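# Descriptive structure summary
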Amino acid sequence: MSGDASVVHIEGLSRRFGGKTALDGVDLEIPVGTVFGLVGENGAGKTTLIKHILGLLRAQAGSVRVFGRDPVQEPVEVLSRIGYLSEDRDLPDWMTVGEVLRYLRAFYPTWDDSLADDLRRQFELDPKARVKTLSQGQRARTALLAAMAYRPDLLVLDEPSTGLDPIVRRDILTAIIRTVADEGRTVLFSSHLLDEVERMADSIAMIDRGRIVLCGPLSDVKGAHRRVTLRFNQPPARPPVLAGSILSEGFGREWTAVCRGGTEQLARDAATIGAEVVEDDVPSLDEIFVARIRARETVSAEG
Ligand code: ATP
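Figured I'd write up the structure that's included with this text. (Residues numbered from 1 in each chain as written. Predicted model: local features only at pLDDT ≥ 70, side-chain atom pairs only at ≥ 80, totals over all residues. Heavy atoms only, no water.)

So, on to the overall build of the protein chain. When its secondary structure is counted, the protein chain shows ten helices and 13 strands. Expressed along its principal axes, the backbone C-alpha trace of the protein chain runs to roughly 70 × 40 × 35 Å. Residues classed as buried in the protein chain amount to 48% of the 303 residues present. When contacts within the protein chain are restricted to residue pairs at least 6 apart in sequence, those whose partners lie at least 24 apart make up 69%. (Helix = DSSP H or I, 4+ residues; strand = E, 2+ residues; numbered from the N terminus. Buried < 20%, exposed > 50% of the residue type's maximum accessible area, 1.4 Å probe, protein only. Contact = heavy atoms within 4.5 Å.)

This next bit is on the packing of aromatic side chains. Per the counting criterion, the structure on display carries three aromatic pairs. Seen in terms of ring centroids, tyrosine 103 and phenylalanine 107 are 5.2 Å apart; in terms of plane orientation they differ by 70 degrees. Their pairing is edge-to-face. Separated by four residues within a single helix, tyrosine 103 and phenylalanine 107 lie in helix α3 (residues 97-107), roughly one turn from each other. Given a relative accessible area of 44%, tyrosine 103 falls into the partly exposed group. Taking the relative accessible area as the measure of exposure, phenylalanine 107 reaches 53% and is therefore exposed. Judged by centre distance (3.6 Å) and plane angle (10 degrees), the ring pair of tyrosine 108 and tyrosine 150 falls under stacked. Residue tyrosine 108 is located in the loop between α3 and α4 (113-122), and its partner tyrosine 150 is located in the loop between α5 (136-148) and β6 (154-158); the two are separated by 42 residues in the primary sequence. (Phe/Tyr/Trp six-rings, centres within 6.5 Å; stacked < 30°, edge-to-face > 60°.)

Right, let's talk about α4 for a bit. By the burial criterion, the buried members of α4 are Leu115, Ala116, Leu119 and Arg120. Down the axis of α4, the sector holding all buried residues measures 135 degrees, keeping them to one side. Next to the buried residues of α4 lie α3, α5 and α6 (166-182). At the C-terminal side of α4, glutamate 124 shows a positive phi close to 50 degrees. (Arc of directions from axis to C-beta.)

This part is about the site of the ligand. The full set of residues close to the ligand is Phe17, Lys20, Ala22, Glu41, Asn42, Gly43, Ala44, Gly45, Lys46, Thr47, Thr48 and Glu87. Contacts to the ligand include glycine 43, whose backbone N or O atom sits 2.7 Å from an oxygen atom. At 3.1 Å, a backbone N or O of alanine 44 approaches an oxygen atom of the ligand. In isolation the ligand has 630 Å² of accessible area, and contact with the protein removes 63% of it. Among the secondary structure elements, those contributing two or more residues to the shell around the ligand are β2 (20-31) and α1 (46-53). Counting residues per element, the shell around the ligand draws most heavily on α1, which supplies three residues. Along the lines of polarity and charge, the residues of the shell around the ligand split into three nonpolar, five polar and four charged. (Near = heavy atom within 4 Å. Polar contact = N/O pair within 3.5 Å; in protein donor to acceptor, adjacent residues only side chain to side chain. Areas by Shrake-Rupley, 256 points an atom, 1.4 Å probe, with all protein chains shown as cover. Nonpolar A, V, L, I, M, F, W, Y, C, P; charged D, E, K, R; others polar.)

Let us now look at the layout of surface pockets. Here the largest pocket is characterised by a volume of approximately 470 Å³. Taken together, 20 residues line the largest pocket, and the ones lying closest to its centre are Tyr84, Asp90, Leu104, Tyr108 and Tyr150. For the lining of the largest pocket, the elements supplying multiple residues, two or more each, are β5 (82-85), α3 and α5. (1 Å grid on protein atoms, 1.4 Å probe; cavity = no way out; pocket = protein on both sides within 12 Å on 5 of 7 lines; lining within 4 Å. Points joined across faces, edges and corners; volume = space filled by probe spheres on them.)

Read these as spatial facts, not as claims about activity.
Written out as structure tokens, the structure reads:
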């Protein structure tokens, strides 16, 4: 389905670099007005996916549509509506902060002077400072300002927290992202900070070795999982496995498992293996992510 309600629509996207598969049959739909978090380990394929959305890479297989258009065929139409914070915060070193902003302003008819001034003050940026003299954090703030000040319909942030101190990260970045979504615009950001994704995103996609392994509204993704603590009368001979169990950890009589499934079913399953559920909770996104990666690593090591 590719209705007007989705900003990004990707089907069957695959990408190889030489012998290395970076993306493998990715399907992704990002609805208008969502804050969408892309999570995955280093090298999982997040930046490669973002580069396809920006039309910087051409799909080797599958299709990519942004605002209903092909970003490789129609770069001006697509890119003029996207604000992009790249992983390396590329800015011209020889310009001052003020010059960078004036230069960008000329390209974007929607540039908002008062928003740019507000952000410059919040970020405590000196317009006379030359880019090459900026700290990593000041550079990150300048690049973020530059991506936002023309009020793009889609704001794409590759690891936006990198280089930002905890206050800017927690307060300013979160507020900015919320404001963009409240105005009916869309944010796509990648991050390996799962607590941050959990705080900011409405929907997420988890990418693992080029494949989307989990995708959907954050509440659905979390609601489909449980973290249960099992207590046995006797220590089990091997790690307990419940139906839907992704990973069990523990020792002796007490084990914790991250599982798919509902409370009642898990309690019944636990009883059949001689255990009682003594704690049952919704896991954090971090726990779901770690369980999935560890479970996959265990299978790879055994297989
Ligand atoms: P990180 O969190 O480290 O930025 P990522 O999830 O953004 O990682 P990508 O940068 O998309 O991951 O990389 C996915 C895979 O593709 C990696 O194995 C990477 O080495 C490989 N890759 C990406 N770009 C290229 C390229 N231009 N040439 C060769 N291999 C590449």
